Amino acid sequence: MNFTATLAIALKALRVNKLRSALTMLGIIIGVAAVIVMIAVGGGARAQVESQIKNLGANLMMVFSASPTFTGARSAAGATHTVSEDDAYAIARELPEYVAGAAPALRGGGQVVAGNSNWSTSFYGVTPDYFDVREWTLAEGRFFDQAEINGAAKVAIIGRTVATNLFGDASPLDEAIRIRTVPLTVIGVLASKGQSPGGSDLDDVILMPITTARNRILGATALAKSRSVGSIQIKIVDGTDSKVAEEKVRELLRQRHRLQAGQDDDFTLRNMTELLQTREESSRVMALLLASVASVSLLVGGIGIMNIMLVSVTERTREIGLRRAVGARARDILQQFLIEAITLSLIGGLVGVLLGTGGAQLIGELAGWPIELSLSATLLAVSFAAVIGIFFGYYPARKAARMSPIEALRHE
Amino acid sequence: MADTLIRVTDLTKDYRLGDTHVLALRGVSLEIERGSFVAVMGPSGSGKSTFMNLLGCLDQPSAGHLWLDGEEVSQLSDDALAALRNRRIGFVFQHFNLLARTSALDNVALPLLYRGLTASERHAKSEQRLHQVGLAERMDHHPAQLSGGQQQRVAIARALVGDPALVLADEPTGALDSRTGIEIMALLQQLNREGITIVLVTHEHDIAAYADRIIQFRDGRVVDDQSNERRDAGADFSALPVLT
Ligand SMILES: Nc1ncnc2c1ncn2[C@@H]1O[C@H](COP(=O)(O)OP(=O)(O)OP(=O)(O)O)[C@@H](O)[C@H]1O
Ligand SMILES: [Mg+2]
């Protein structure tokens, strides 16, 4: 018997019991849809974390002064900064196996004015290392150099958000901005990075030479003398275990700050890579949960198919007997029922793909999650549905094929 | 000496159901010539259907032998038996056994499905057979849209579609009124005249009268086997008052 004829018989049998066929497919539909959604959401989350790691700067670690408040205002008061610029240089100098760069940063905030526009933002006083550690690139203009740091030059590089808010579409290059009455010239605009993992706008920032920030804007003499900074941004050497690097930095800083064993750290170390890995881990747990829902659903769907196929074989016993009487071989009957089961599960699988794709997009819209649909996952889900059809359809089909023709014909 | 289509020797069939043991056939030996029209009669439970099922290779005997066209059937594999049923035998059942929700044409074409013919070949042959049984206009009707006599004619067309040598009919008129029964017998006689061997089971002497040999069964044995001067069913049917 040829395949198209068998397929036609299978489709007809499924059409006769439309509602029953639809209900039977439900398990497969839900299972496949769950697989599609799971992979779309999981893939989207992974892609998002990856891009955030890239935005933040790969392998980033940060050291903060221990004080819970290190805002610009408090820093200006000069009270609590425990980490110094020299700590940063020491880290870079003494831990070259672990650290690719260590950049001190002095943070402040306030109103920025350009002409009639003003904008409230944060600014950082940094060294050229900072651009490398945080992987900033320029959309236009240039970075400042060591000479400008030495001279506390009145220059600034602004983020995309600041540029837009102060200058609109016009180029900010060579324009003047004022922070706390100090006029600075814009020499560069940073390439946009988007959001941080915490959801804050990475482009809402102004960078300037660390000396300019300390001496001209924050202007606190105590601070100037101590060379203390709000944070040190550290880039770990690629392929290094961030945990090990973290311990090395901690050890060095404790030594430099002359902390006794048992004494608390007077700084805070935050390992961003690890933070993001934790986030990725939790999205993996979520995906695993969905995967188990999907596999249970597919299993239940498969059992549903087996159940309905067994009912169908019993209901159609006389038909089987008749087909055998007019010349169907056992394997023709096997093939017929197997194709029916596979058709059932494949249609279920395709409906599941449509539903899952639509569902994933809807979830993405509503929850604002990134979605990444994958063709290979779709193909995998559909072929898995077909395998379920074969696996759970085989037993009923074999039962049909093994019936003796005469007993099948005599069946009431 | 006419040519033998069917030969059975000592054909025995017993059914075991738990402790009970039913001897449905107790050693039947006979020959049926090619081209003959045989009626099998006997009381209920005498083994007629059991015998027919063995002739049709739907069931295996407990003992004894069956030759069909000189071929020993008990030696054949399940697949070979299926092929043999497909090519050499046509079945007509008391309750028609048509597939529901399936057109007359597709019902007739069913045996050809297992022959690897293309759809158009299957339909051409089936159409021709439906024409032969007088149902050319009903090809697209489903069984539920046909009368009992029409359904049995579809079933006969299905039995014929594979050009069999032998048609086995177990009480083909059992579910029909006598007028329709005669009509069906006229059709079978016409096929027989074309050379198809027919074996038919019936309870009615009037129906058996259209055969040219009548075999009587009782308790799983042949108790009588006589040739018969067959009546012409076509003539009988024409003589019936016309229904309006
Ligand atoms: N599958 C079976 N299992 C057990 N016993 C059976 C089976 N089929 C038939 N028999 C028994 O075998 C005997 C012969 O049955 P069979 O059907 O051949 O009779 P029959 O002559 O066709 O009767 P009827 O005229 O009522 O159709 C009966 O006693 C019946 O009960
Ligand atoms: Mg019977």
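From a predicted model like this one, the values you see are computed outputs, not experimental measurements.

Trainee: Help me out: how do you make sense of the overall build of chain A in this one?
Mentor: The number of helices and strands found in chain A is 15 helices and 12 strands. Scaling as 2.2 N^0.38, a compact globule of 412 residues should have a C-alpha radius of gyration of about 22 Å, whereas chain A reaches 33 Å, well beyond that. Its C-alpha atoms give chain A principal-axis dimensions of about 105 × 55 × 30 Å. Looking at chain A as a whole, 50% of its 412 residues are labelled buried. Carbon and sulfur atoms make up 58% of the accessible area of chain A, which amounts to about 18,800 Å² in all. Mean positive and mean negative side-chain charge positions of chain A (40 and 37 charges, respectively) differ by 9 Å.

Trainee: So what exactly am I meant to see when it comes to the confidence of the model for chain B here?
Mentor: Predicted coordinates in areas of low pLDDT are best not read in detail. On average, residues of chain B carry a pLDDT of 93, and 99% of them reach 70 or more. Scoring of the predicted complex yields 0.74 for pTM and 0.95 for ipTM.

Trainee: Help me understand the pairing of strand E11 (residues 231–236) of chain A in this model?
Mentor: A regular strand carries its side chains on alternate faces of the sheet. All names here are of chain A. With six of six residues buried, E11 is to be regarded as a mostly interior element. Burial along E11 is two-sided: the residues Ser231, Gln233 and Lys235 and Ile232, Ile234 and Ile236 are all buried. Two strands pair when backbone bridges link them, and strand E1 (residues 60–65) and E11 are joined in this way by five bridges, in the antiparallel orientation. Counted as the bridge partner of Val63 is Ile232 from E11.

Trainee: It is not clear to me how the domain arrangement of chain A should be interpreted in this structure. Could you clarify?
Mentor: Taken as a whole, chain A is organised into domain 1 (3–52 + 279–410) and domain 2 (83–256). For domain 1 of chain A and domain 2 of chain A, the distance between their C-alpha centres works out to 56 Å.

Trainee: I tried to follow the interface of chain A and chain B on my own but got confused; where do I start?
Mentor: One widely used convention gives an interface's size as the accessible area the parts lose upon coming together. Of the residues lining the interface, 24 residues belong to chain A; the matching set on chain B comes to 22 residues. Buried area between chain A and chain B, both sides added, is near 2,100 Å², and the carbon and sulfur share of it is 57%. For chain A, the biggest contributors to the area lost against chain B are Leu322, Val326 and Ile406 of chain A; these three give 26% of the whole. Across the chain A-chain B interface, the total number found is two salt bridges.

Trainee: What exactly am I supposed to notice about the site of ligand 1 here?
Mentor: The immediate surroundings of ligand 1 are formed by 15 residues, with Ser44, Gly45, Lys48, Ser49 and Thr50 of chain B found nearest. At the site occupied by ligand 1, nearby residues are drawn from chains A and B. At a separation of 2.4 Å, an oxygen atom of ligand 1 approaches a polar side-chain atom of Ser44 of chain B. Ser46 of chain B places a main-chain nitrogen or oxygen 3.2 Å from an oxygen atom of ligand 1. Coverage of ligand 1 by the protein amounts to 70% of the 630 Å² it exposes when considered alone. Broken down by secondary-structure element, the contributors of at least two residues to the shell around ligand 1 are strand E1 (4–17), strand E2 (20–33) and helix H1 (48–55) of chain B. At three residues, the largest contribution of residues to the shell around ligand 1 is made by H1 of chain B. Broken down by class, the residue content of the shell around ligand 1 amounts to five nonpolar, seven polar and three charged.

Trainee: Explanation requested: the sheet that holds E2 of chain B in the structure shown.
Mentor: All names here are of chain B. The strand order across the open sheet built from four strands is E2-E1-E4-E5, with neighbouring strands paired in antiparallel fashion. The sheet is open, and its two borders are formed by E2 and strand E5 (71–72), each paired with just one other strand. Across 11 bridges, E1 lies against E2 in antiparallel orientation. Bridging from a neighbouring strand, Thr4 pairs with Glu33 of E2. With respect to the sheet, H1 is in contact with E1, E2 and strand E4 (63–68), its orientation differing from that of E1 by roughly 120°.

Trainee: I would appreciate a short explanation of a nonpolar patch on the surface in the present structure.
Mentor: Residue and element names in this part refer to chain A. There is a patch of nonpolar side chains on the surface, built from Leu11, Ile347, Val351 and Leu355 and spanning about 290 Å² of accessible area. Per element, the largest residue contribution to the nonpolar patch is three residues, and it comes from helix H13 (residues 330–367). Along the chain, the position of Ile347 falls in helix H13. The exposure class assigned to Ile347 is partly exposed, which follows from its relative accessible area of 31%.

Trainee: I keep staring at the packing of helix H3 (residues 104–113) of chain B against helix H4 (residues 119–132) of chain B and nothing clicks. Help me out?
Mentor: Axes are the key here: two packed helices are described by the angle between their axes and the distance separating the axes. All names here are of chain B. Between H3 and H4, the least distance of the axes is 9 Å, while the angle of their chain directions is 120°. What the angle tells us is that H3 and H4 run oblique. Considering only the axes of H3 and H4, their crossing is right-handed. Residues Ala104, Leu105, Asp106, Val108, Ala109, Leu112 and Leu113 of H3 lie in contact with H4, whose contacting residues are Arg122, His123, Lys125, Ser126, Glu127, Arg129 and Leu130. Taken together, the residues that form the contact of H3 with H4 break down as seven nonpolar, two polar and five charged.

Trainee: Explain unusual backbone geometry to me, please; I cannot follow it from the model alone.
Mentor: Negative phi values dominate among residues other than glycine, just as trans dominates among peptide bonds. In the Ramachandran plot, Arg258 of chain A falls in the positive-phi region, its phi being about 50° despite a non-glycine side chain. Along the chain, Arg258 of chain A turns up in the loop between helix H10 (242–256) and strand E12 (267–271). Note on Arg258 of chain A: relative accessible area 68%, which makes it exposed. Positive phi, close to 50°, is recorded for Asp219 of chain B, a residue that is not glycine. Tracing the chain through its elements places Asp219 of chain B in the loop between strand E9 (213–218) and strand E10 (221–227).

Trainee: What should I look at first to understand the nonpolar core in this one?
Mentor: Generally speaking, soluble globular proteins have nonpolar side chains that are buried together. Counting 76 residues, the largest nonpolar core has Val8, Phe51 and Val199 of chain B as its most contacted members. The contact partners of Val8 of chain B, leaving out residues within four places of it in the chain, are Val28, Ser29, Leu30, Phe51, Leu55, His65 and Leu66 of chain B. Counting 67 residues, the second largest nonpolar core, distinct from the first, contains Ala88, Ile149, Leu190 and Leu252 of chain A.

Trainee: Would you mind going over the pairing of strand E3 (residues 99–114) of chain A with me for this structure?
Mentor: Residue and element names in this part refer to chain A. Pairing of E3 with E11, which is carried by six bridges, proceeds in the antiparallel orientation. Note that in E11 the partner of Ala105 across the bridge is Ser231. In this sheet, strand E4 (residues 117–126) lies alongside E3 in antiparallel orientation, the contact comprising 10 bridges. Each residue of the ladder has a partner; that of Leu106, found in E4, is Gly125. In this antiparallel pair of consecutive strands, E3 and E4, the connection spans two residues, and Gly115 shows a positive phi of 60°.

Reading the values: the criteria
- Residues numbered from 1 in each chain as written.
- Chains lettered and ligands numbered in written order.
- Predicted model: local features only at pLDDT ≥ 70, side-chain atom pairs only at ≥ 80, totals over all residues.
- Heavy atoms only, no water.
- Helix = DSSP H or I, 4+ residues; strand = E, 2+ residues; numbered from the N terminus.
- Rg over C-alpha atoms; globule rule 2.2 N^0.38 Å.
- Buried < 20%, exposed > 50% of the residue type's maximum accessible area, 1.4 Å probe, protein only.
- Areas by Shrake-Rupley, 256 points an atom, 1.4 Å probe, with all protein chains shown as cover.
- Lys, Arg positive; Asp, Glu negative; His and termini not counted.
- Charge placed at Lys NZ, Arg CZ, Asp CG, Glu CD.
- pLDDT = per-residue confidence, 0-100.
- Pairing = 2+ DSSP bridges.
- Domains from an automatic or database assignment.
- Contact = heavy atoms within 4.5 Å.
- Buried area = accessible area lost by both parts, 1.4 Å probe.
- Salt bridge = Lys/Arg side-chain N within 4 Å of Asp/Glu carboxyl O.
- Near = heavy atom within 4 Å.
- Polar contact = N/O pair within 3.5 Å; in protein donor to acceptor, adjacent residues only side chain to side chain.
- Nonpolar A, V, L, I, M, F, W, Y, C, P; charged D, E, K, R; others polar.
- Axes fitted to C-alpha atoms, helices over the stretch in contact; angles between N-to-C directions.
- Patch = residues over 30% accessible without salt bridge, like charges linked within 9 Å, V, L, I, M, F, W, Y side chains within 5 Å.
- Parallel < 35°, antiparallel > 145°, perpendicular 65-115°, else oblique.
- Left-handed = near helix turned anticlockwise from the far one by under 90°.
- Core = buried A, V, L, I, M, F, W, Y, C linked by side-chain atoms within 4.5 Å.

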